[in-house]
Amino acid sequence: IYVGSNGSRICGVGEGRLSTLYFAKLHAAGNDYIALDGRGIDIDWSDLAIKMSRPVFGVGSDGIVVVQESKSAAAQVRMRIFNPDGSEAEMSGNGIRLFAKFVIDRNIITPSDTGLVVETGGGVRTVVPRMGGDKMLLELAGKPVISYSLELFQRLDRVSAIVVVASDANRG
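A quick note: this is a predicted structure, and the numbers were derived from the prediction, not measured. (Residues numbered from 1 in each chain as written. Predicted model: local features only at pLDDT ≥ 70, side-chain atom pairs only at ≥ 80, totals over all residues. Heavy atoms only, no water.)

## Side note on the overall build of the protein chain
Argument step 1. Looking only at helices and strands, the protein chain features two helices and twelve strands.
Argument step 2. Start at the N end of the protein chain and walk to the C end: the helices and strands fall as β-β-β-β-α-β-β-β-α-β-β-β-β-β.
Argument step 3. In the protein chain, which comprises 172 residues, the proportion classed as buried is 38%.
Argument step 4. Summarising the internal contacts of the protein chain: among those between residues at least 6 apart in sequence, 47% fall at separations of at least 24.
Argument step 5. Of the roughly 9,900 Å² that the protein chain leaves accessible, carbon and sulfur atoms contribute 50%. (Helix = DSSP H or I, 4+ residues; strand = E, 2+ residues; numbered from the N terminus. Buried < 20%, exposed > 50% of the residue type's maximum accessible area, 1.4 Å probe, protein only. Contact = heavy atoms within 4.5 Å. Areas by Shrake-Rupley, 256 points an atom, 1.4 Å probe, with all protein chains shown as cover.)

## Thoughts on the confidence of the model for the protein chain
Argument step 1. Looking at the protein chain, the pLDDT average stands at 76 and 66% of residues meet or exceed 70.
Argument step 2. Here residues 1-7 is modelled with pLDDT under 50, and outside its nearest four sequence neighbours on either side it reaches 13 contacts, counting other chains as well.
Argument step 3. Long-range and interchain partners of residues 148-172, a stretch whose pLDDT sits below 50, account for 46 contacts in this model, where long-range means more than four residues apart. (pLDDT = per-residue confidence, 0-100.)

## Topic: the side chain of Asp32
Argument step 1. With respect to the helices, strands and loops of the structure, Asp32 is situated in strand S4 (residues 31-37).
Argument step 2. Residue class for Asp32 comes out buried when judged on its relative accessible area of 18%.
Argument step 3. Of note is the side chain of Asp32, whose polar atom sits 3.2 Å from the side chain of Lys25.
Argument step 4. Setting aside residues no more than four positions away along its own chain, Asp32 makes contact with Lys25, Leu26, His27, Gly60, Ser61, Asp62 and Gly63. (Polar contact = N/O pair within 3.5 Å; in protein donor to acceptor, adjacent residues only side chain to side chain.)

## Brief notes about the pairing of S4
Argument step 1. For S4, the buried fraction is high: five of the seven residues fall into the buried class.
Argument step 2. As paired elements, strand S3 (residues 20-28) and S4 share six bridges and run antiparallel to each other. Bridge pairing links Ala28 to Asn31 in S4.
Argument step 3. Hairpin connection of S3 to S4: two residues between the antiparallel strands, including Ala29 at a positive phi of 50°.
Argument step 4. The pairing of S4 with strand S5 (residues 64-68) spans four bridges and is parallel. Bridge pairing in S5 places Ile34 opposite Ile64.
Argument step 5. For the crossover that starts at S4, traverses helix H1 (residues 45-53) and ends in the parallel S5, the hand is right-handed. (Pairing = 2+ DSSP bridges. Right-handed = clockwise from strand over helix to strand, strands pointing away.)

This is the structure:
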């Protein structure tokens, strides 16, 4: 993989099947993702996420968001999120907002009056774009649902560690 000097393209992706793949690096609320239009492209997205997310030899990011055709009749477009370790995430609140900006800015999908309907690994979500002056504000519709598990590791009746695993499932 070679990231072009202009910082907006990747060369040598897909073992000769694709010579150049254009991308954008977007950030919101402390997260930064690399957005790619992957419609009709069959490559190892996990491997690409690992290579691109590296801060020194890649672009550096919290992962990649990939645009694909929706497999659901209820959604306009599909979003896949890959973490820097190559694992695929179900959903990210900041990731879907960045994804929505990417697909709207590039005219990949035009939102309906009720918003942009996106298929994610965690179900179908709606992102509502709002214009604020020259800025596009993106609101994730629905009620967030946070599920968590709390594990206490005790030693001699004292808590030695608390591990909280949380996910913003936004399943409402």
